[in-house]
Amino acid sequence: MVIIFFSLVACNQKSTLQHNESSQKYQWYGHEVVVSAYNSVSWQTQGDPNIAAWGDTLKPGMKSIAVSRDLLRMGLTHNTMVKIDTFPDTFYVKDKMNKRWKNRIDLYMGVDIKKAREWGRKKMLICYAIPIDSSSTTNVK
């Protein structure tokens, strides 16, 4: 519980982050999820394994994630910036998971199936950025 509290404080400290491309300010929120991994292979995806749900082309090395559909309501939509627990990188939401999954994200690991299997499943804290827009009244938990 203490770790989650300190991690949430770290998410809130990022609330003044400026996005390089647009100068928009973001509010950061913390949430605990199960993190697994997936690959660009036909038996793990629907349709073209290199095309994500919003039409983005996935390429090995991209810092992208897929989110379970229940997280969309929390604001984790296309191109949302996400920090994952101990990773130094920022990931971007590029794909959606099958409807059967709840409270979960998948790290994109290109075509490296062995690496994805070694990753397994882990409970981790994520921080995600929602643009601050004075005309919006979206409640995010």
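Residues numbered from 1 in each chain as written. Predicted model: local features only at pLDDT ≥ 70, side-chain atom pairs only at ≥ 80, totals over all residues. Heavy atoms only, no water.

What follows covers the pattern of salt bridges. Oppositely charged side chains can pair when the atoms bearing their charge come close. Applying the stated criterion to the full structure yields three salt bridges. The shortest N-O distance in the salt bridge between Asp-89 and Lys-63 comes to 3.3 Å. Taken as a pair, Asp-89 in the loop between β3 (81–84) and β4 (90–96) and Lys-63 in the loop between β1 (26–38) and β2 (64–67) lie far apart in primary sequence, 26 residues in all. On the accessibility criterion, Lys-63 (39% relative accessible area) is partly exposed. A salt bridge links Lys-114 to Glu-118, with the shortest nitrogen-to-oxygen separation between them at 4.0 Å. Separated by four residues within a single helix, Lys-114 and Glu-118 lie in helix α2 (residues 113–119), roughly one turn from each other. Per residue, the accessibility class of Lys-114 equals that of Glu-118, and both read exposed. (Salt bridge = Lys/Arg side-chain N within 4 Å of Asp/Glu carboxyl O. Helix = DSSP H or I, 4+ residues; strand = E, 2+ residues; numbered from the N terminus. Buried < 20%, exposed > 50% of the residue type's maximum accessible area, 1.4 Å probe, protein only.)

The buried fraction of strand β5 (residues 104–108) is high, at five of five residues. Residues Arg-104, Asp-106 and Tyr-108 of β5 are buried on one face, and the alternating residues Ile-105 and Leu-107, pointing to the opposite face, are buried as well. Across five bridges, the pairing between β1 and β5 is parallel. Across the sheet, residue Ser-36 finds its bridge partner in β5, namely Asp-106. (Pairing = 2+ DSSP bridges.)

So, on to the side chain of Ser-68. Relative to the helices and strands, Ser-68 resides in the loop between β2 and β3. If we ignore the near neighbours within four places in the chain, the residues touching Ser-68 are Met-97, Trp-101, Lys-102, Asn-103 and Arg-104. (Contact = heavy atoms within 4.5 Å.)

Put simply, side chains in a regular strand alternate between the two faces of the sheet. Looking at chain direction, β1 and strand β6 (residues 122–131) are connected through ten bridges and run antiparallel. Directly across from Glu-32, in β6, lies its bridge partner Leu-125.

Purely geometric stuff here, so don't read any function into it on its own.
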